[in-house]
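# Inside the fold
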Amino acid sequence: MTALYAVVAIAETSLIALAMVRLALGPTVSDRIVALNTAAAQATLGLLFFAAFADRSIYLDVGIWLASFSYLGTLIWARLLERGLL
Amino acid sequence: MIVVNYLAAGALFCIGLYVVLTRRNLIKLVMGLSVMEASTYVLLISMAYRRGSTAPVFVSPPAGRSVTSLTHGGVADPVLQNFCLTAIVIGVAATAVFLSVVVRIAQHYRSIDADDVRGMRG
Amino acid sequence: MTTEVIVAILAGVGWVFSLSGVLGIVRMPDVYSRVQYSTKTITMGALPALVALVVGEGPVTQYGGRALVIAALLGVVNPAASHALLRAAYKSGVPQWEGAVRDDARARARKSASR
Amino acid sequence: MTGFWVMDYLCLALVLAAALMVVRIRNLAGAAMALSAMGTVLTLLFVVLGAPDDAHSEAVVGAIALPALYLIAIGKVRADVRGPGEQGKRRGPDDMDARR
């Protein structure tokens, strides 16, 4: 069971690399925000499955913080983008 | 095995130093300083890690381990992790100070090219 | 044993959808079509993986409870964030793909201006 | 134990890739986005190495607060450098790296 969790955690984390391709290429700032959003979601999933792999429930709080604050950041940057600051 | 983390911290420091040495844009230079700070975080956390260790938190220990086995060397070093926490907080404060200095330079010289800032030449 | 199989199937389904969503983000031509893949990555990629965690660890453990909290959080906040991002991108004038054939927002704005 | 090391090396590679992106992206706001990605992956790395408290503060500081500071500074600098009354040939903050 723990081996399965480890495999899932590694698989979900390795998708961040593909999202980073769009982060490097993206012609506008909006593309980069979309790629960053996806990367944060994949990082959250990898974090949750790593917590299940390591059998420490204390790691799960970091996942909640990461999920909520990454979307808060997206809202803040959309706000800045709308006001023409970027 | 953990040596790879030290090498990665060194590589991160070199990347930040490259940005600081070669770029002329002042905001890019502050970004290089942030990357160098990230290298110190990686170094401190990697030094705190011990073989087979887990987080220094004693509530709900992982399966197969008890609290006494955790207290006898089964956790990462909390002192270095606290150093890292202090480094993170000081890093964001220092970055804020640098950025406010850059904004003042931009208001005064109407440019953020490091070559145009002539106030510190003799 | 059956629990393990269910967890593997759910996580595999989630991973495949996440992979297709990320590939869509890499391959699509403009922002407005990339955001569709981003939201699909959350809805069909993240939620089955979280359900896999709930099934594997049980819903009343700490893992299951926090996985459900994160699932509710992602399900509520992700559409709002994507909507705000797309609205900001459209207002700041990010161009559409040159093969796009419809722009309903501009058509509606033109109609209300002419009326 | 193997899963731990694979996770560790993967996170290190992603952190190095994000740092290289900070160097290579010419657009300043895009470089701030790469910095945010580096903060996110650093959070994951801290959790893998067993430091959840540092991961908490890094998730807030590195992924949100630091890029927001950079973006606000970029916006203020752009308003000053390309402001009215400037001679038109003046270089903006974004195309300064293009000369190198």
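Moving on, we get to helix α2 (residues 26-48) of chain B. Residue and element names in this part refer to chain B. Given a rise of 1.5 Å per residue, 23 residues ought to cover 33 Å, and the 34 Å separating the end C-alpha atoms of α2 matches this to within 8%. Extensive coverage of α2 is indicated by the burial of 18 of its 23 residues. Two to three positions downstream of the cap, the backbone nitrogen of Ile27 sits 3.3 Å from a side-chain oxygen, assigning the N-cap of α2 to Asn25.

To continue, consider the interface of chain C and chain A. Contacts between the two partners involve 45 residues from chain C, matched on the other side by 41 residues from chain A. Buried area between chain C and chain A, both sides added, is near 3,700 Å², and the carbon and sulfur share of it is 75%. The largest per-residue losses of area from chain C upon contact with chain A belong to C:Tyr63, C:Arg66 and C:Leu85, which jointly make up 16% of the total buried on that side. The tally of links between chain C and chain A comes to four salt bridges.

Under the defined criterion, the tally for this structure stands at five salt bridges over all chains. Between A:Glu82 and C:Arg87 there is a salt bridge, and its shortest N-O distance comes to 3.5 Å. Of this pair, A:Glu82 sits in helix α3 (residues 60-82) while C:Arg87 sits in helix α3 (residues 62-91), placing the two residues on different chains. Exposure remark for A:Glu82: the relative accessible area of 24% places this residue in the partly exposed category. Looking at C:Arg87, the relative accessible area reads 43%, which means it is partly exposed. The residue C:Lys91 makes a salt bridge to A:Glu82 at a minimum N-O spacing of 3.4 Å.

Applying the stated criterion to the full structure yields zero disulfides over all chains. There is no disulfide at D:Cys11, and the cysteine sulfur nearest it, in B:Cys84, is 15 Å away.

Here we take up the interface of chain D and chain B. By convention, interface size is frequently given as the accessible area that disappears when the constituent parts associate. Tallying the contact residues gives 47 residues for chain D and 49 residues for chain B. Carbon and sulfur atoms make up 69% of the surface buried where chain D meets chain B, a total of about 4,400 Å² over both sides. Viewed at the interface, chain B and chain D are joined by eight residue pairs in polar contact (both at pLDDT 80 or more). Looking at the side of chain D that touches chain B, the elements that each hand over two or more residues are α1 (2-24), α2 (28-48) and α3 (52-81) of chain D. It is α3(D) that contributes the most residues to the side of chain D that touches chain B, 15 residues altogether.

For the rest of this paragraph, the subject is the arrangement of the chains. For this structure, the chain pair with the highest number of contacts among four pairs of chains in contact is chains B and D. There is a gap between chain B and chain C: no contact, and a shortest C-alpha distance of 10 Å. Taking C-alpha atoms as the reference, chain C and chain D come no closer than 14 Å and do not contact one another.

Mapped onto the elements of the fold, C:Glu57 is located in helix α2 (residues 31-57). Owing to a relative accessible area of 24%, C:Glu57 belongs among the partly exposed residues under this scheme. Distance from C:Glu57 to C:Val7, taken between C-alpha atoms, is 9.7 Å for residues 50 residues apart in sequence. If we skip the residues at most four places from it in the chain, C:Glu57 touches A:Tyr5, A:Ala52 and C:Tyr63.

Turning our eyes to something else, we now look at the packing of aromatic side chains. Inspection of the entire model under this criterion finds nine aromatic pairs over all chains. Here the aromatic rings of A:Trp65 and A:Phe69 are separated by 5.4 Å at their centres, their planes lie at 20°, and the arrangement is stacked. Here A:Phe69 and A:Trp65 lie together in helix α3, a separation of four residues that amounts to about one turn. Note on A:Trp65: relative accessible area 36%, which makes it partly exposed. With centroids separated by 6.0 Å and ring planes inclined at 40°, the aromatic side chains of D:Trp5 and D:Tyr9 adopt a geometry described as tilted. Pair noted here: D:Trp5 and D:Tyr9 are both in helix α1, with a separation of four residues, about one helical turn. On the basis of relative accessible area, D:Trp5 is assigned to the buried category, the value being 12%. For D:Tyr9, a relative accessible area of 28% corresponds to the partly exposed category. The structure contains a cluster of three or more aromatic residues connected by ring pairs, namely B:Tyr49, D:Phe4, D:Trp5 and D:Tyr9.

Turning our attention to the nonpolar core. The tendency in soluble globular proteins is for nonpolar side chains to be buried as a group. Ranked by internal contacts, the top residues of the largest apolar core, which has 134 residues, are A:Met20, B:Ile27 and D:Tyr70. Look past the residues within four positions of A:Met20 in its chain and what remains in contact with it is D:Leu14, D:Ala17, D:Ala18, D:Met21, D:Ala37 and D:Val41.

The next subject is unusual backbone geometry. The backbone of A:Asp55 shows a phi angle near 60°, a positive value even though the residue is not glycine. Phi at B:Arg110 takes a positive value of approximately 60°, unusual for a residue other than glycine. Looking at the secondary structure, you find B:Arg110 in the segment after α4 (78-109).

How each quantity is defined
Residues numbered from 1 in each chain as written. Chains lettered and ligands numbered in written order. Predicted model: local features only at pLDDT ≥ 70, side-chain atom pairs only at ≥ 80, totals over all residues. Heavy atoms only, no water. Helix = DSSP H or I, 4+ residues; strand = E, 2+ residues; numbered from the N terminus. Expected span 1.5 Å × (residues − 1). Buried < 20%, exposed > 50% of the residue type's maximum accessible area, 1.4 Å probe, protein only. Polar contact = N/O pair within 3.5 Å; in protein donor to acceptor, adjacent residues only side chain to side chain. Contact = heavy atoms within 4.5 Å. Buried area = accessible area lost by both parts, 1.4 Å probe. Salt bridge = Lys/Arg side-chain N within 4 Å of Asp/Glu carboxyl O. Disulfide = S-S within 2.5 Å. Phe/Tyr/Trp six-rings, centres within 6.5 Å; stacked < 30°, edge-to-face > 60°. Core = buried A, V, L, I, M, F, W, Y, C linked by side-chain atoms within 4.5 Å.

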